[in-house]
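A look at the structure
Given next are the chains, with one letter for each unit.
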Amino acid sequence: MLDTTVDAEVLAEAVRLACRAPSLHNSQPWRWVTHGDRLDLYLDSTRAVHGDRSAREALISCGAVLDHLRVATAAAGWTAEIERFPDAAHPEHLATIGFSESERVTAVQRYRASAILTRHTDRLPFLAPANWAPFESVLRNQVEDPVRLYVLADELRSTLAEASQIAESLRLYDASYHAELNWWTAPFEVSDGIPQSALISAAESDRVDIGRTFPVTHNRERRLEVGDDHSKVLLLSTAGDDPADALACGEALSTLLLECAMVGLATCPVSHLTEVPAGRALLAGLVGADDLPQILVRVGGTPALEKPPAPTPRRPLVDVLQVKGLTAGSN
């Protein structure tokens, strides 16, 4: 029994901040429930993308929101004590979180939580990341078992680009895939999905050789001073492919994205390559390991003084957080 109880309003705000985590097509496949001094995270299978039949990518998304929650509560003065998959009979119950009061909150913890608000998925071409070698060491120290981090060599870029094109061509005539992609990128105001402003034009897409092909927009061509993409490409992989591996990968993804945001680097998770068996096999061959590739991330710089985009939408708190059988306050 914990001696202290986190305030309900603090917990609600931590959940609100955590839900800024990235998810496949901004589908936000998570659900939170509070029980006094306990918070539970569930996979909301009704939010899973139909093409994600095993829910692997939904679980990665839930891992990211779980780590975001840990970061948010740490900045509020609470240590999250996480038990993953607490009920084998209910695999959708992903985590139970208790809280203990921290002795102090560090400046780094506050800075990391603020990075949740500055991080966004950037699909435009990147500059090469500055001071990469020392920062790569930081990332490697932050990503822990069972997740492994690979930084793919620049000379593999053309092979990665070919693999990206192969993954897209395998779905060229998959009508259900394209219908769903159109659904999540529809040009109307909603609380989920990818807004038109976050998509790229055909000309911009031609300058990014490793990325999913989304429905094109009529946005003016941006970031012309960058030219083609010069990002570093990172791969997160695991030895296994069960739900615990996917959840852990999502937590590692959150860590990676926030560390990049803290030093001003832009990021773009890339998942279309690992959605098809051929893509996963090719990536495994590139790193020369028996690991199962889970997700790629492009990391790079952006021009100085570039105006940040508007935040992508998120579902209202009342839709994702249930408090003791009631619903949380509105957004």
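Here is a short report on the structure shown in this document. (Residues numbered from 1 in each chain as written. Predicted model: local features only at pLDDT ≥ 70, side-chain atom pairs only at ≥ 80, totals over all residues. Heavy atoms only, no water.)

Scanning the model with the defined rule gives 19 salt bridges in all. With a shortest N-O distance of 2.4 Å, R171 and E275 are connected by a salt bridge. Residue R171 is located in the loop between helix 5 (157–169) and helix 6 (175–184), and its partner E275 is located in the loop between strand 7 (266–270) and helix 9 (277–287); the two are separated by 104 residues in the primary sequence. Residue R171 is classed as buried on the basis of its relative accessible area, which comes to 10%. Note on E275: relative accessible area 18%, which makes it buried. One connected set of salt bridges, linked through shared partners, spans R157, D209, D229 and R298. (Salt bridge = Lys/Arg side-chain N within 4 Å of Asp/Glu carboxyl O. Helix = DSSP H or I, 4+ residues; strand = E, 2+ residues; numbered from the N terminus. Buried < 20%, exposed > 50% of the residue type's maximum accessible area, 1.4 Å probe, protein only.)

Before going further, it helps to spend a moment on the sheet that holds strand 8 (residues 292–300). Here 4 strands make up an open sheet; going across it, the order is 5-6-8-7 and the pairing antiparallel. Every other strand in the sheet has two partners, leaving strand 5 (147–152) and strand 7 as the edge strands with one partner each. Each strand axis lies, on average, 25 degrees off the axis of its neighbour in the sheet, ignoring direction. The sheet contact formed by strand 7 and strand 8 spans 5 bridges and is antiparallel. Looking across to strand 8, one finds that V270 is bridged to L296. Each of strand 5, strand 6 (232–238), strand 7 and strand 8 touches helix 8 (residues 243–262); the most contacted strand, strand 8, lies at about 10 degrees to it. In this fold helix 9 packs onto strand 5, strand 6 and strand 8, with an angle of close to 75 degrees to the strand it touches most, strand 8. (Pairing = 2+ DSSP bridges. Axes fitted to C-alpha atoms, helices over the stretch in contact; angles between N-to-C directions. Contact = heavy atoms within 4.5 Å.)

Our focus in this paragraph is helix 8. The first and last C-alpha atoms of helix 8 sit 29 Å apart over 20 residues, in line with the 28 Å expected at 1.5 Å per residue. Within helix 8, 18 of the 20 residues are buried, which leaves the element mostly enclosed by the surrounding structure. A positive phi of about 80 degrees marks G264, the residue just after helix 8. (Expected span 1.5 Å × (residues − 1).)

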